[in-house]
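What the coordinates show
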Amino acid sequence: NSSRLGYASMWLASCHYKLGNIDVAASLSDYYMVAPIDRRLTVKSDSISDIIYTLLYEKGDAVSAVPLIRKVIYLEEIELGKKNVWLGNTYCLYGEALLGTGQTEEGLKAYKQGISITEDLCGKKSKNYVYALSNMVFSCYSSNISIDSTFSSAQEIVDIFSASTLSSVGDSSIYYIANSI
């Protein structure tokens, strides 16, 4: 499975990171700075996440996805704690689903919570942070939500890319799209 390969890559990258082999670690996983977790703790949330992705992305059914994402958040908080990268990702997914149901304020709050967790764990110049921020910007933009934070977040993405080597923070297409907003 791709999720098992992802977890294995993260474990190996974490080991290289602890040994000081940062370039090798970064080439293996974007999550190399994050402490690895026991995959057995995420079996329930991973299986629910598969259903969520089907509902949200294949069927476009954000309304049905919302309560399932809440369940995953609950499971991840219990099993992994309130400060882990997976929970940050799940909050961003929750924000996307809420925006898809028209719950703008709640969606932005969930996104910001996920982005905050990601920033705390990975830093502002990490690919994970840039992707979380860009997902919020793109969700707002595609939902025609015109708020100041969308534009300031797009500007932050442009600033991060401008101050870095493009490949070190992510796909350059994110930069070009954010720069056009």
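Before any of the text, the structure's been laid out above.
Calculation notes
Residues numbered from 1 in each chain as written. Predicted model: local features only at pLDDT ≥ 70, side-chain atom pairs only at ≥ 80, totals over all residues. Heavy atoms only, no water. Helix = DSSP H or I, 4+ residues; strand = E, 2+ residues; numbered from the N terminus. Buried < 20%, exposed > 50% of the residue type's maximum accessible area, 1.4 Å probe, protein only. Contact = heavy atoms within 4.5 Å. Areas by Shrake-Rupley, 256 points an atom, 1.4 Å probe, with all protein chains shown as cover. Expected span 1.5 Å × (residues − 1). Phe/Tyr/Trp six-rings, centres within 6.5 Å; stacked < 30°, edge-to-face > 60°. Salt bridge = Lys/Arg side-chain N within 4 Å of Asp/Glu carboxyl O. Axes fitted to C-alpha atoms, helices over the stretch in contact; angles between N-to-C directions. Parallel < 35°, antiparallel > 145°, perpendicular 65-115°, else oblique. Left-handed = near helix turned anticlockwise from the far one by under 90°. Nonpolar A, V, L, I, M, F, W, Y, C, P; charged D, E, K, R; others polar.

In terms of regular secondary structure, the protein chain is built from 10 helices and 0 strands. When the helices and strands of the protein chain are placed in sequence order, the string is α-α-α-α-α-α-α-α-α-α. The proportion of buried residues among the 181 residues of the protein chain is 42%. A sequence separation of at least 24 residues applies to 51% of the contacts in the protein chain between residues at least 6 apart. Accessible area of the protein chain: about 9700 Å², with a carbon and sulfur share of 53%.

Here Ile117 lies in helix 6 (residues 104-122). Contact partners of Ile117, with chain neighbours within four places excluded, come to Lys82, Lys83, Asn84, Leu87, Gly88 and Tyr91.

This brings us to helix 6. With 19 residues, helix 6 extends 26 Å from end C-alpha to end C-alpha; this agrees with the ideal 27 Å at 1.5 Å per step. Residues of helix 6 that are buried sit in contact with helix 5 (85-100) and helix 7 (127-142).

As a further point, take the packing of aromatic side chains. In total, this model carries 1 aromatic pair according to the counting rule given. On the numbers, 5.5 Å between centres and 25° between planes, the contact of Tyr53 with Tyr57 is stacked. Taken together, the positions of Tyr53 and Tyr57, both in helix 3 (residues 43-58) and 4 residues apart, correspond to about one turn of that helix.

Here the focus is the environment of Thr54. Its place among the elements puts Thr54 in helix 3. Note: C-alpha distance between Thr54 and Ala65 (11 residues apart in sequence) is 9.0 Å.

This paragraph deals with the pattern of salt bridges. A side chain of one charge can pair with a side chain of the opposite charge when the charged atoms of the two come close. Under the counting rule described, the total for this entry stands at 1 salt bridge. Of the charged contacts, one joins Lys83 and Asp120 as a salt bridge, the two residues approaching to 2.6 Å between their closest N and O atoms. Taken together, the positions of Lys83 in the loop between helix 4 (62-80) and helix 5 and Asp120 in helix 6 put the pair 37 residues apart, joining distant regions of the chain.

What follows is about the environment of Asp38. Checked against the element boundaries, Asp38 lands in the loop between helix 2 (22-28) and helix 3. Classification of Asp38 as partly exposed rests on a relative accessible area of 28%. C-alpha separation for the pair Asp38 and Leu80, spaced 42 residues apart in sequence, amounts to 9.1 Å.

For the rest of this paragraph, the subject is the packing of helix 3 against helix 4. As a packed pair, helix 3 and helix 4 sit with axes 9 Å apart at the nearest point and diverge in direction by 160°. Classified by the interaxial angle, the pair formed by helix 3 and helix 4 is roughly antiparallel. Of the two elements, helix 3 crosses helix 4, and the hand of that crossing is left-handed. Only Ala62, Ser64, Ala65, Leu68, Ile69, Lys71, Val72, Leu75 and Glu76 of helix 4 make contact with helix 3, whose side of the interface consists of Lys44, Ser45, Ile48, Ser49, Ile51, Ile52, Leu55 and Leu56. Residues belonging to the contact of helix 3 with helix 4 are distributed by class as follows: 11 nonpolar, 3 polar and 3 charged.

No statement about biological role is implied by the geometric values presented.
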